[in-house]
Amino acid sequence: MAGDLRHRRAGGADAGEEEGDGGAEAAAKAKAGPPSGGEGAEAAGPGRKEALGWLEWSRGWMGVVGEFFFQRIAASHLANPLELPPLDGVSIIVTGATSGIGLEIARQLAQAGAHLVMAVRRPKVARELIQKWQNEQTEVSMPLNIEVMELDLISLDSVARFADTWNARMAPLHVLINNAGIFTIGEPQRFTKDGYEEHMQVNHLAPALLAMLLLPSLIRGSPSRIINVNSVMHTIGFVDAEDMNLTSGKHKYRSWLGYSNSKLAQVKFSSIFHKRIPAEAGVHTVCASPGIVHTNVARDLPKILVAGYRLIPYFIFDPQEGSRSTLFAASDPQVPEYCETLKSEDWPVCACINYDCNPMNASEEAHNLETSQLVWEKTLEMIGLPSDALEKLIEGEPVQCRYGQQKAE
């Protein structure tokens with residue numbers, strides 16, 4: 001059985017904070033900005049810092065290690081696969097739907113009756129999967145309602161063209177699942193043709209652009225949801241809005257740093273999106289953590305580590321287990337009410353769902369509204385949208401995007 005969100009919300013920045021009457025006080029503290037977190041957080045001005053403090057960083061790593069060892073126990077109450085409600089008539093876009101968690105998300109949504117759009121780099125692979133799934137539906141007379149559209153997050157032009165094509169249908173979109181992502185473990189720093197660090201573009205900038213440009217369709221599908229597949233690794237990230245490419249030299253580049261920073265940026269951007277979109281628009285934003293999952297990420301590890309990775313299956317989720325929190329966030333009727341509760345309480349972070357389908361605490365740094373606002377503004381600049389793009393799109397006004405040479409209307 002999945003978690004009951006209706007009378008719950010995640011606690012404050014500290015994982016041990018109790019729910020209940022202390023929530024308002026915790027929210028006020030969070031809105032004011034978190035404490036420095038200990039030595040090592042260098043001040044960059046009032047309320048600003050240049051890195052995580054050692055205490056925050058240590059908590060983050062403890063969370064990563066704890067998730068690795070205890071996620072299977074914590075999620076033992078969940079069915080596998082997760083039971084989904086009928087989704088007939090629900091239009092859902094899933095990015096990265098040909099492998100890993102995305103493949104499982106797509107397959108289960110399609111089998112639940114959704115109109116599924118597989119937004120992928122390799123359309124041929126997607127079509128082969130559809131044929132396979134259809135062949136497995138031997139006892140079902142109705143064909144699966146799936147279509148394939150090409151989308152390459154490594155190109156912001158591709159993202160803008162995809163959104164333009166979908167919006168031109170003037171059709172409702174009920175759920176956008178930003179699942180696709182990369183973690184190039186141990187690899188040197190790489191940049192896209194758009195000039196951005198790969199992790200930051202694929203894991204944050206491209207999904208942010210996609211969500212913004214698809215907002216008109218999401219409003220048509222209201223109540224609708226944007227589900228961002230996130231990670232516990234966001235807890236060890238720190239985003240400097242003026243150095244999102246990690247090129248300033250303040251911090252030596254490491255692949256885990258690029259990945260964790262991109263995931264924290266996603267939470268921060270999602271939180272401002274959640275706060276700024278009016279309740280009457282009916283678009284809800286959720287970050288879902290799948291747990292530590294055995295996916296294609298392991299292919300980038302040295303061979304000896306790949307071998308070790310495969311020797312510990314008890315602790316690591318398989319993709320079907322890892323898909324549960326995203327499927328829950330995308331389909332459970334409690335989720336919109338939970339999002340509205342957080343909005344009414346002026347909670348500083350968007351709804352976050354853990355791998356056990358319960359509310360989770362985002363990191364202390366994710367609660368820092370000042371840096372979240374800076375990440376919001378810088379992200380809009382990087383993805384080629386004006387600062388008032390959200391407001392214009394909500395009002396149905398055209399917005400010029402620097403990428404794709406198109407207007408979102």
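Position labels on residues start from 1 in each chain and follow its written sequence. In keeping with the model being predicted, local features are shown solely for residues with a pLDDT of at least 70 and side-chain atom pairs are shown and tallied solely at 80 or more, while totals for entire chains, interfaces and linings include all residues. The side-chain figures draw on all heavy atoms in the structure; neither hydrogens nor water molecules are used.

Q: Sorry, what's going on with the overall build of the protein here?
A: Numbered from the N terminus, helices here are DSSP runs of H or I no shorter than four residues, and strands are runs of E no shorter than two. Scanning the protein from terminus to terminus reveals 14 helices and eleven strands. For every accessible area listed, the method is Shrake-Rupley and the probe measures 1.4 Å; residues are considered covered only by the protein chains on display. Roughly 17,200 Å² of accessible area belongs to the protein as shown, and the carbon and sulfur atoms make up 54% of that amount.

Q: What exactly am I supposed to notice about the pattern of salt bridges here?
A: Close approach of charged atoms lets side chains of opposite charge pair. Within this document, salt bridges are pairs made up of a side-chain nitrogen of Lys or Arg and a carboxyl oxygen of Asp or Glu, the two lying within 4 Å of each other. Tallied over the entire structure, the rule returns twelve salt bridges. A salt bridge links E104 to R107; the shortest N-O distance between them is 2.6 Å. Taken together, the positions of E104 and R107, both in helix α3 (residues 100-111) and three residues apart, correspond to about one turn of that helix. Judged on exposure class, the residue E104 and its partner R107 are both buried. When the shortest N-O distance is used, the salt bridge between K268 and E365 registers 3.5 Å. Remark: E365 occurs in the loop between β9 (351-353) and α13 (369-382) and K268 occurs in helix α8 (residues 255-276); sequence separation between them is 97 residues. For the pair K268 and E365, one class covers both residues: buried. Buried residues are those whose accessible area, probed at 1.4 Å on protein chains only, stays under 20% of the maximum for their type, while exposed residues exceed 50% and partly exposed ones sit between those limits.

Q: Quick question: what am I supposed to make of the sheet that holds strand β8 (residues 283-288) here?
A: Sheet strands line up and pair through hydrogen bonds in the backbone, either parallel or antiparallel. Pairing is parallel in the open sheet, where seven strands are placed in the order β5-β4-β3-β6-β7-β8-β9. In this open sheet, the two edge strands, each paired with only one partner strand, are β5 (146-150) and β9. Neighbour-to-neighbour, the strand axes of this sheet turn through a mean angle of 20°, independent of strand direction. Only strands that DSSP links by at least two bridges are regarded as paired with each other. Pairing of strand β4 (residues 115-120) with β5, which is carried by five bridges, proceeds in the parallel orientation. If you follow M118 over to β5, its bridge partner there is V148. Its contacts with the sheet place α3 against β3 (91-95), β4, β5 and β6 (175-178), and it is angled at close to 165° to β3. Only C-alpha atoms enter the line fits that serve as axes; for helices the fit covers just the stretch in contact. Angles between N-to-C directions range over 0 to 180 degrees. Note on contacts: a residue pair is in contact if any heavy atoms of the two residues lie within 4.5 Å.

Q: Quick question: what am I supposed to make of the packing of aromatic side chains here?
A: The geometry of an aromatic ring pair is captured by the separation of the ring centres together with the interplanar angle, meaning the angle of the planes. Note on aromatic pairs: the rings of Phe, Tyr and Trp (six-membered ring only in Trp) are paired at centre separations within 6.5 Å, and the planes decide the class, stacked below 30 degrees, edge-to-face beyond 60, tilted for the rest. Tallied over the entire structure, the rule returns nine aromatic pairs. Plain terms: the ring middles of W61 and W256 are 5.8 Å apart, the flat faces sit at 65° to each other, and that makes the pair edge-to-face. Placement of the pair is W61 in helix α2 (residues 54-74) and W256 in helix α8, with a sequence separation of 195 residues. A relative accessible area of 28% means that W61 is categorised as partly exposed. For W256, a relative accessible area of 28% corresponds to the partly exposed category. Judged by centre distance (5.2 Å) and plane angle (80°), the rings of F69 and F315 are edge-to-face. Of this pair, F69 sits in helix α2 while F315 sits in the loop between α9 (303-310) and α10 (319-322), placing them 246 residues apart in sequence. A residue is classified by how much of its surface remains accessible, and F69, at 39% relative accessible area, is partly exposed. Take F315: its relative accessible area is 25%, and that puts it in the partly exposed class.

Q: I tried to follow the nonpolar core on my own but got confused; where do I start?
A: Proteins that are soluble and globular tend to have nonpolar side chains buried together. As used here, the term nonpolar core means buried Ala, Val, Leu, Ile, Met, Phe, Trp, Tyr and Cys residues forming a set that is joined through side-chain atoms within 4.5 Å. In terms of nonpolar packing, the biggest core is built from 108 residues, with L109, M118, I177, M212, L214, F273 and L385 touching the most fellow members. The leading source of residues in this core is helix α6 (residues 198-213), at ten residues. When residues no more than four places from it in sequence are discounted, the contact partners of L385 are L209, M212, L213, L380, V399, Q400 and C401. Listed in part, the six residues of the second largest apolar core include F183, V232, M233 and Y259.

Q: Looking at this structure, how should I read unusual backbone geometry?
A: Leaving glycine out, the prevailing phi sign among residues is negative, and the prevailing peptide bond configuration is trans. Here the bond from N80 into P81 is cis, since omega is 10°, no more than 30 degrees from zero. Structurally, the position occupied by P81 is in the loop between α2 and β3. Its identity as a non-glycine residue notwithstanding, M170 has a phi of 55°, on the positive side. Structurally, M170 can be placed in the loop between α5 (156-167) and β6. Positive phi, normally seen in glycine, also occurs at L246, with a value near 55°. Here L246 is to be found in the loop between β7 (224-229) and α8.

Q: What is the right way to read α3 from this model?
A: In an α-helix, one turn spans 3.6 residues, which is why side chains three or four residues apart end up on the same side. Here α3 spans 17 Å end to end across twelve residues, near enough to the 16 Å set by a 1.5 Å rise per residue. Counting buried positions over the twelve residues of α3 gives ten, a clear majority of the element. Among the residues of α3, I101, G102, L103, E104, I105, A106, R107, Q108, L109 and A110 are the ones counted as buried. The span one expects for a helix is its residue count, reduced by one, times 1.5 Å.

Q: Please clarify how the packing of α6 against α8 should be interpreted in this entry.
A: Working note: a packed helix pair is described by the angle between its axes plus the distance between those axes. Running from N to C, α6 and α8 cross one another at 20°; their axes reach a closest spacing of 7 Å. Viewed along their axes, α6 and α8 adopt a mutual orientation that is roughly parallel. Judged by the twist between their axes, the crossing of α6 over α8 is right-handed. Contacts from H199, M200, N203, H204, P207, A208 and M212 in α6 reach S255, G258, Y259, N261, S262, K263, A265, Q266, F269 and F273 in α8. Charged residues are taken to be Asp, Glu, Lys and Arg, nonpolar residues to be Ala, Val, Leu, Ile, Met, Phe, Trp, Tyr, Cys and Pro, and polar residues to be all remaining types, Gly included. The residue makeup of the contact of α6 with α8, split by class, is eight nonpolar, eight polar and one charged. To sort the angles, those under 35 degrees are grouped as roughly parallel, those over 145 as roughly antiparallel, those from 65 to 115 as roughly perpendicular, and the leftovers as oblique. A clockwise turn of the near helix away from the far one marks a right-handed crossing, whereas an anticlockwise turn of less than a right angle marks a left-handed crossing.

Take it as geometry only, folks, not as evidence of what the structure does.
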